[in-house]
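Observations on chain architecture
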Amino acid sequence: MNKDLKKILLTEEEIKKRVCELAQDIMNDFKDEELFFIGVLKGSVVFVADLMRCVKNDVTMDFMAVSSYGLSSQTSGVVRILKDLDFDIEGKNVIIVEDIIDTGTTLKYLYEYLKKRNPKVLKICCLLDKPERRKVDIKADYIGFTIPDEFVVGYGLDFAERFRNLPYIAVVKEEAYANK
Ligand code: XMP
Ligand code: MG
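Residues numbered from 1 in each chain as written. Chains lettered and ligands numbered in written order. Predicted model: local features only at pLDDT ≥ 70, side-chain atom pairs only at ≥ 80, totals over all residues.

Focus on the site of ligand 1
Formally: Should the C-beta atom of a residue, placed from the backbone, lie within 6 Å of a molecule or strand, that residue is near it. By definition, any uninterrupted DSSP run of H or I lasting at least four residues is a helix, any uninterrupted run of E lasting at least two residues is a strand, and each is numbered from the N terminus. Note on residue classes: Ala, Val, Leu, Ile, Met, Phe, Trp, Tyr, Cys and Pro are nonpolar, Asp, Glu, Lys and Arg are charged, and everything else, Gly too, is polar.
The environment of ligand 1 is formed by 16 residues, the closest being D102, T103, T105, T106 and L157. Put simply, the parts of the chain that give the shell around ligand 1 at least two residues each are β5 (93–101), α4 (105–115) and β8 (152–153). Residue composition of the shell around ligand 1, by class: seven nonpolar, five polar and four charged.

Okay, here's the thing in structure tokens:
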């Protein structure tokens, strides 16, 4: 394992199994209805690609890119939209697919932002949840794993843009990010 990583938190097999279970939960809730997935760049890319292939419904998808205004976003709750949707979501069954809920600021903002476009249903599917870090009130409808307050990478998640390609999720050593 890379010297900046401490341990594997979730193995490739554990993730694969859980992603299929999440897909099954979504299929149970939406039966044969059409779904519209919104992947939040870049962290959710690997997750959304695996999730959509486990779902048997008719799925269309799009991406959004957002960026927080640094620390002030946590108090103001304002998130900058870098790439908006290419499609109209009015009347659609929309599922926001995100890598991780940390403070909740990003998802809360995105949820309110997309709600205004009148989707039929708006749900949140998140691979990882760090409830200890929550600052705003937002809950995902589908959660892969609840994890402790440690910085994790892999399966799409990065540390300074590294490690997104790892097939597992690992914890970064404190000394690695203390120096950044
Ligand atoms: P908020 O605080 O708005 O933040 O819920 C969500 C975003 O913060 C990033 N984030 C992480 N990225 N490992 C990462 O690679 C982590 O442990 C981690 N915690 C938060 C991530 O971009 C997420 O979308
Ligand atoms: Mg993200």
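Here we look at the nonpolar core
In plain terms, the rule: Among buried residues, those of type Ala, Val, Leu, Ile, Met, Phe, Trp, Tyr and Cys that are joined through C-beta atoms within 7 Å form a set called a nonpolar core. Exposure classes come from backbone-placed C-beta atoms, where a residue is buried if 20 or more other C-beta atoms lie within 10 Å of its own, exposed if 12 or fewer do, and partly exposed in between. In this description, any two residues whose backbone-derived C-beta atoms lie within 7 Å of each other are considered to be in contact.
Membership of the largest hydrophobic core comes to 40 residues, with the highest contact counts inside it found for I95, I96, V97 and V153. Listing elements by their share of this core, those giving two or more residues are α1 (12–30), β2 (35–41), α2 (45–54), β5, α4, β6 (121–129), β8 and β9 (169–172). In this structure, I96 is in contact with I38, V40, L110, Y111, L114, I124 and C125, ignoring residues within four places of it in sequence.

A closer look at α1
Worth spelling out the cut-off: A helix is expected to reach a length of 1.5 Å times the quantity of its residues less one. By construction, the arc corresponds to the directions joining the helix axis to the C-beta atoms.
Its 19 residues place the ends of α1 27 Å apart at the C-alpha level, agreeing with the 27 Å of an ideal helix rising 1.5 Å per residue. The complete set of buried residues in α1 reads I15, V19, L22, A23 and I26. When α1 is viewed along its axis, its buried side chains cluster within an angular range of 100 degrees and face the same direction. Across α1 from its buried face, at more than 90 degrees, point the exposed residues E13, K17 and N28. Looking at the packing, one finds that the buried side of α1 touches β1 (5–10), α2, β5, β6, β7 (142–146) and β9. Downstream of α1 by a residue or two, K31 has a phi angle that is positive, lying close to 45 degrees.

What to know about the packing of α1 against α2
Note the threshold: Axis definition: a line fitted to C-alpha atoms, limited for helices to the stretch in contact. Angles are taken between N-to-C directions and run from 0 to 180 degrees. Oblique is the label for any angle not under 35 degrees, not over 145, and not in the 65 to 115 range, which are roughly parallel, roughly antiparallel and roughly perpendicular in turn. By the definition used in this description, the sense in which the near helix is turned from the far one sets the handedness, with an anticlockwise turn below a right angle giving left-handed and a clockwise turn giving right-handed.
Packing of α1 against α2 leaves a shortest axis separation of 8 Å and a crossing angle of 55 degrees. If you check the angle between α1 and α2, you find them oblique. Crossing geometry of α1 relative to α2 is assigned as right-handed. Facing V19, C20, L22 and A23 of α1, the residues of α2 in contact are D50, L51 and C54.

Here's the deal with the sheet that holds strand β4 (residues 79–83)
Heads up, the rule is: Strands qualify as paired when DSSP identifies two bridges or more between them.
Judged by pairing direction, the sheet is mixed, and its six strands sit side by side in the order β4-β3-β2-β5-β6-β7 without closing on themselves. On the outer flanks of this sheet lie β4 and β7, each paired with one strand and no other. Each neighbouring strand pair of the sheet contributes to a mean axis angle of 30 degrees, computed without reference to strand direction. Sheet analysis places β5 next to β6, joined by eight bridges and oriented parallel. Paired with E98 across the bridge in β6 is C126.

Some words on the sheet that holds β8
Spatially, three strands are ordered β1-β9-β8 in an open sheet, and the strand pairing comes out antiparallel. Looking at the sheet topology across the chains shown, the edges are occupied by β1 and β8. Direction of pairing for β8 relative to β9: antiparallel, over a ladder of two bridges. Its bridge partner lying in β9, V153 is registered against A170.

Side note on the confidence of the model for the protein
Operational definition: Known as pLDDT, the predictor's per-residue confidence is scaled from 0 to 100.
Of all residues in the protein, 94% have pLDDT values of 70 or greater, and the mean over the chain is 94. Scored by ipTM, the complex comes to 0.93, with pTM at 0.95.

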